[in-house]
Amino acid sequence: MENTTDTVANALYESECIKFGSFKIKSGAQSPYYIDMARLLSKPKKLCAIAEVAAEKIHQITVTDQLTKLASIELKGALIAPSIACKINLPCAIVRKEEKTYGTIGRIAGATITKEDKILFVDDVVSEGLSKIEGIKPLKEVGAEVKHILVIVNREQGGKETLEKIGYTVHALAKISEIVIALQKNGKISAEQAKTVLDYIKK
């Protein structure tokens, strides 16, 4: 039976979410790998596998903390959150990056968020953590409580620690170091590819 890391690593690899080479990332820096979680849409069974693992993690959280809704931010997190919501039967809201000025205006789409809500915020990865703060802001502005953040992959660039310093509890299904080690162990990538990523993380 696969453990959580193997399940996540296999799903990302088989759906071509994770690629190795040289990629310019959002900060402008070069990275030896890139994660495009939108590729999960090409492999529904792999998307379901990720959703199952995430649902199990959320069930663990609800042992000690009540949750009333899930929320995420467009685009990548918004592609994953509804699949997780189906597994745990919680309403889901999506925070737009920009306010909609026509029709149903505002930055929050989907489930209505109120001050009584206790929300788990879902996203694809955590790097530096800044996009999570921005995504959670509209939820807190209407009075909702957000204590927990769940991501598929922790890129191990300090974001988890930054978010936890300001009061959030961050849950990652897997670290990028764990993923590349699992992929190497299972013969998916070479030892050299794994070492390049592990060295990059250490920097």
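Look a little higher up for the structure.
Overview of the structure. None of these values were measured; they are calculated from a predicted model.

What to know about the pairing of strand β4 (residues 92-100)
Okay, step 1: Examined bridge by bridge, strand β3 (residues 69-73) and β4 share four bridges and lie parallel to one another. Within β4, the residue paired with Leu 70 across the bridge is Cys 92.
Okay, step 2: One ladder, built from four bridges, connects β4 with strand β5 (residues 106-110); its direction is antiparallel. When the sheet's bridge partners are listed, Lys 100 is paired in β5 with Gly 106.

Looking at the sheet that holds strand β8 (residues 169-175)
Okay, step 1: Reading across the sheet, the six strands line up as β5-β4-β3-β6-β7-β8 and stay open at both edges, with mixed pairing between neighbours. With partners counted over all chains shown, the strands left at the sheet margins are β5 and β8, one partner each. Averaged over all adjacent pairs, the angle separating strand axes in this sheet is 25°, with direction ignored.
Okay, step 2: Two strands pair when backbone bridges link them, and β3 and strand β6 (residues 118-126) are joined in this way by four bridges, in the parallel orientation. Considered in β6, the bridge of Ser 72 is made with Val 122.
Okay, step 3: Strands β7 (145-154) and β8 of the sheet are contacted by helix α1 (residues 4-14), whose axis makes an angle of about 70° with β8.

Scoring rules and cut-offs
- Residues numbered from 1 in each chain as written.
- Predicted model: local features only at pLDDT ≥ 70, side-chain atom pairs only at ≥ 80, totals over all residues.
- Heavy atoms only, no water.
- Pairing = 2+ DSSP bridges.
- Helix = DSSP H or I, 4+ residues; strand = E, 2+ residues; numbered from the N terminus.
- Axes fitted to C-alpha atoms, helices over the stretch in contact; angles between N-to-C directions.
- Contact = heavy atoms within 4.5 Å.

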